[in-house]
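Report on the structure
Okay, here's what each chain looks like letter by letter:
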Amino acid sequence: MRSEIIKLCKSGAVKFSSDRFVSDYYLNNGHFVWIGRNGVTATADTLLAYLECVGEHGFSAGAFFVDTIRNDLQRVRSLRIDSLNNTVCSTYARLEYHLTKAYLRYVLGFGFGFTNPDKLFNRLDTVETKEPRRFPIYKKLYDIETTRPDSKFVCGILMSARNDSIRTVLQSTALCDSFYVSLRNALAGASEDRRRMLLCNMERCRWKMKTPFDIKQKCIVVNVPAFHLYTFGTDSAVDMKVVCGSRSNKTPLLVSCINRMDVNPVWNIPQSIVRHDVLPHAGDTSYFARNHYFVVERKTGERISLEEITAEMLESGDFRVVQEGGEWNSLGRIVFRFPNNFSVFLHDTPTKRTFSRTVRSASHGCVRVEKPYELAEFLLAEKDEWTLDKLRISMGMEPRTTRGMKYVSDKEDITPLVKSLYVKPCVQLFILYFTLWKDFDGELKSFPDIYGYDSIIYENIKPLTD
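Summary of the structure given here. Because the structure is predicted, anything quoted here is derived from the model rather than measured.

1. Digging into the state of the cysteines
One pass over the structure, following the stated rule, counts 1 disulfide. Looking at cysteine 176, it has no disulfide partner, and the nearest cysteine sulfur is the one in cysteine 205, 12 Å off. Free cysteine cysteine 366: the closest other cysteine sulfur is in cysteine 244, separated by 10 Å.

2. Things to note about the sheet that holds strand S11 (residues 293-297)
Ordered by their spatial adjacency, 4 strands build an open sheet running S10-S13-S11-S12, and the pairing between neighbours is antiparallel. On the outer flanks of this sheet lie strand S10 (267-268) and strand S12 (303-304), each paired with one strand and no other. Bridge count for S11 against strand S13 (residues 319-323) is 5 bridges, and the pairing is antiparallel. Paired with tyrosine 293 across the bridge in S13 is glutamine 323.

3. Details of the pairing of strand S7 (residues 228-232)
Within S7, 4 of the 5 residues are buried, leaving the element largely enclosed by the surrounding structure. In terms of strand pairing, strand S6 (residues 219-223) meets S7 through 5 bridges, oriented antiparallel. The residue bridging isoleucine 220 from the neighbouring strand is threonine 231, located in S7. Linking S6 to S7, which pair antiparallel, is a turn of 4 residues; within it phenylalanine 227 sits at a positive phi near 50°. Both S7 and strand S8 (residues 239-245) contribute to a ladder of 3 bridges, which runs antiparallel. Looking across to S8, one finds that leucine 229 is bridged to methionine 240. What sits between S7 and S8 in their antiparallel hairpin is a turn of 6 residues, with glycine 233 showing a positive phi close to 100°.

4. Overview of helix H5 (residues 88-112)
With 25 residues, H5 should cover 36 Å at 1.5 Å per step; its first-to-last C-alpha distance of 35 Å lies within 8% of that length. Most of H5 is tucked away: 23 of the 25 residues are buried. A positive backbone phi angle near 105° is found at glycine 113, which sits one or two residues after H5.

5. Quick word on the packing of helix H3 (residues 43-51) against helix H4 (residues 66-77)
At a minimum axis separation of 10 Å, H3 and H4 run at an interaxial angle of 150°. Here H3 is positioned roughly antiparallel relative to H4, judged by the angle of their axes. Two packed elements cross with a definite hand, and for H3 against H4 that hand is left-handed. Across the interface between the two elements, Ala44, Asp45, Leu48 and Leu51 of H3 pack against Val66, Ile69, Arg70, Leu73 and Arg77 of H4. Per-class residue counts for the contact of H3 with H4 are 6 nonpolar, no polar and 3 charged.

6. Things to note about the environment of asparagine 223
Within the secondary structure layout, asparagine 223 lies in strand S6. With 171 residues separating them in the primary sequence, asparagine 223 and glutamate 52 have C-alpha atoms 34 Å apart.

7. Thoughts on the packing of helix H1 (residues 2-11) against H5
Any two packed helices are characterised by the angle at which their axes cross and by the distance between the axes. Two elements in contact, H1 and H5, have axes whose closest approach is 8 Å; the angle formed by their N-to-C orientations is 50°. By the criterion of interaxial angle, the relationship of H1 to H5 is oblique. Where H1 crosses over H5, the two elements pack in a sense that is right-handed. Along its contact with H1, which presents Glu4, Ile5, Leu8 and Cys9, the element H5 presents Cys89, Ser90, Ala93, Arg94, Glu96 and Tyr97. Here the contact of H1 with H5 is built from residues that sort into 6 nonpolar, 1 polar and 3 charged.

What counts, and where the lines are drawn
Residues numbered from 1 in each chain as written. Predicted model: local features only at pLDDT ≥ 70, side-chain atom pairs only at ≥ 80, totals over all residues. Heavy atoms only, no water. Disulfide = S-S within 2.5 Å. Pairing = 2+ DSSP bridges. Helix = DSSP H or I, 4+ residues; strand = E, 2+ residues; numbered from the N terminus. Buried < 20%, exposed > 50% of the residue type's maximum accessible area, 1.4 Å probe, protein only. Expected span 1.5 Å × (residues − 1). Axes fitted to C-alpha atoms, helices over the stretch in contact; angles between N-to-C directions. Parallel < 35°, antiparallel > 145°, perpendicular 65-115°, else oblique. Left-handed = near helix turned anticlockwise from the far one by under 90°. Contact = heavy atoms within 4.5 Å. Nonpolar A, V, L, I, M, F, W, Y, C, P; charged D, E, K, R; others polar.

Spelled out as structure tokens, the structure:
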């Protein structure tokens, strides 16, 4: 039997990471899981009952060897060992191998996702480099802590199957949140295109990561394909349009915590943007003045005269291009900061007309928000009318309190009253990518796959649907 199983391991196709665990287990002399002294254990029947329901999730029974397992179970229990292809050893070996392969596909797939988002999305877009490289450097587009199964976990669940506690393991993989259930229920009668979309978004739900559905306190969700921001956790929910990164400058997917708001911020322009957008205008002092740009030396912080600026200076990286704060600033009147590895943030914008577009993929990766003041008010835990008025005045808005109106009327040159506000406690932020999403009205709405992520996911889970 072991010799037959090893042959199956060496000849079997490896379509998912779970399949590699199977080969490693048996090639390293792992104990039989489903076969004992008295033949096939009853746990095989428990597993088969779960495997027969994979169609409810849009998958084919063939991808989990349902017919093969069922037929071989009937064969050994009715003693129909009647051909060269169905000897005792080969039949039992086939059962052992396929039961383990189906078991790991089911538990690891439904429990952690059939795909690994870190591998799917972090080898797509390359980083431009000055010098040619033998191997490309890839942009990190997915930066959400996502748990993946390891060999220790696999050994544990195989031990559970051997010890007849398989039902607990199988039940632990069930996704019961209302969003996943609504996607699964929508599969019935769906068109082919709709079905693909449903399967891709169901796969996203299976990735083992923190989601907005897991927390009870207030949080913010940016759904990139929807070009929309949603707030949760308060009686008065806010939702607004957003502008996200273009296809060549994708907004990264991440989970973080907004901890500060800066009013009338300066913008330290990233070197990649300097290289593409600013460098061609080196020596054009009117361009720099018109855009309120100035240049400082990184080491000394000394401000450089615009007449002295050359393309070589800007390209060297020894100088920083900064845009002064104000209504003209690309970050607008307020920026919402949160720890991340990309130097991206949520922010206001002076270019309001972009929000009238249907497809709003136009930024360099940051997220521009349509209603910055409303978002700031949502983030503040403790706020009185004077605090809010100081924020309004600092953002160039009309005050609403008598004190605020008096302050504005008494000043010819209004000095902003607020520079920074700390968000305490910090508010969780989720920047996610769902092409199907439940809106506040409970309706399941679809959005275009602007970055092509659905296509990538479907290509990888398609073998489960054939």
